[in-house]
Amino acid sequence: MFLDPSTKDFFKLLGLKTHESRYLKTHKTSVSIFHIITDYFKINPKPEIIFGLFISIFLLLVYSSFFVGAFRILSERKYFLLTAFLIIILYFPNITGAMCENRYKLPIIPFYMAISAKGIIETILLRKYRKS
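Residues numbered from 1 in each chain as written. Predicted model: local features only at pLDDT ≥ 70, side-chain atom pairs only at ≥ 80, totals over all residues. Heavy atoms only, no water.

Q: Sorry, what's going on with the overall build of the protein here?
A: Along the protein, the regular secondary structure elements total seven helices and zero strands. Ordered by position from N to C terminus, the α and β elements of the protein give α-α-α-α-α-α-α. With 132 residues in all, the protein has 27% of them scored as buried. Look at the contacts in the protein between residues 6 or more apart in sequence, and 58% of them connect residues 24 or more apart. For the protein, the exposed area adds up to about 9800 Å²; of that, 72% sits on carbon and sulfur atoms. (Helix = DSSP H or I, 4+ residues; strand = E, 2+ residues; numbered from the N terminus. Buried < 20%, exposed > 50% of the residue type's maximum accessible area, 1.4 Å probe, protein only. Contact = heavy atoms within 4.5 Å. Areas by Shrake-Rupley, 256 points an atom, 1.4 Å probe, with all protein chains shown as cover.)

In structure tokens, the structure reads:
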């Protein structure tokens, strides 16, 4: 469910042609992550795949910087701050359950982006410190 970059929603919103496929049905019933990924590349048209790759790279950057930021907050011993953010971040996926729609993911974006920003800033500062 969370591997879907939601390219169909973006394409519909932008008024671009999208291929209504069996990808979502296969995606929700499939057990194997490898099977989900290969189906995505087999079924969707090339513009949608390229757009999905850009979204996936962005999400990889955000989620990896989230872990860096969370680690830095832990190392600074700001436990209350991290706990408050994590409670809010984990609350919304738990109340929505298996319904993985963008409107249910939207409320947590500012919270994990704040921690991701901390991770990006710390990474930039570390690179500057190493150069000097």
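After that view, the rundown keeps rolling.
Q: How should the nonpolar core be read in this particular structure?
A: One broad trend across soluble globular proteins is that nonpolar side chains are buried collectively. Of all hydrophobic cores here, the largest spans nine residues; its members are Val62, Phe66, Ala70, Ile73, Leu82, Ile89, Ile108, Tyr112 and Ile115. Elements supplying a minimum of two residues to this core: helix H4 (46–75), helix H5 (79–96) and helix H7 (109–131). The dominant element in this core, judged by the number of residues it contributes, is H4, at four residues. (Core = buried A, V, L, I, M, F, W, Y, C linked by side-chain atoms within 4.5 Å.)

Q: What's the story with H7 in this structure? I'm lost.
A: For an α-helix, 3.6 residues make a turn, and residues three or four places apart therefore share a direction. The end-to-end C-alpha separation of H7 is 33 Å, in line with the 33 Å expected for 23 residues at 1.5 Å each. Taken together, the buried positions of H7 are Tyr112, Ile115, Ser116, Gly119 and Glu122. (Expected span 1.5 Å × (residues − 1).)

Q: Got a minute to help me understand the pattern of salt bridges in this structure?
A: Oppositely charged side chains can form a pair if their charged atoms are brought close together. On inspection of all chains with the given rule, the structure shows five salt bridges. Salt-bridge contacts for Arg72 lead to Glu76; the nearest nitrogen and oxygen are separated by 3.6 Å. Judged by relative accessible area, Arg72 falls into the partly exposed class, the value being 30%. Take Glu76: its relative accessible area is 28%, and that puts it in the partly exposed class. When the shortest N-O distance is used, the salt bridge between Glu76 and Lys78 registers 3.5 Å. Classification of Lys78 as partly exposed rests on a relative accessible area of 41%. Within this structure, Arg72, Glu76, Lys78, Lys118 and Glu122 form a network of salt bridges that share partners. (Salt bridge = Lys/Arg side-chain N within 4 Å of Asp/Glu carboxyl O.)

Q: Can you walk me through the environment of Leu81 in this structure?
A: Mapped onto the fold, Leu81 is located in helix H5. Separated by 11 residues in sequence, Leu81 and Ala70 place their C-alpha atoms 9.9 Å apart.

Q: Honestly, unusual backbone geometry in this entry has me stumped. Any pointers?
A: Peptide bonds are, in most cases, trans, and in most cases residues other than glycine have a negative phi. Positive phi, close to 60°, is recorded for Arg77, a residue that is not glycine. Position of Arg77 among the secondary structure elements: in the loop between H4 and H5.

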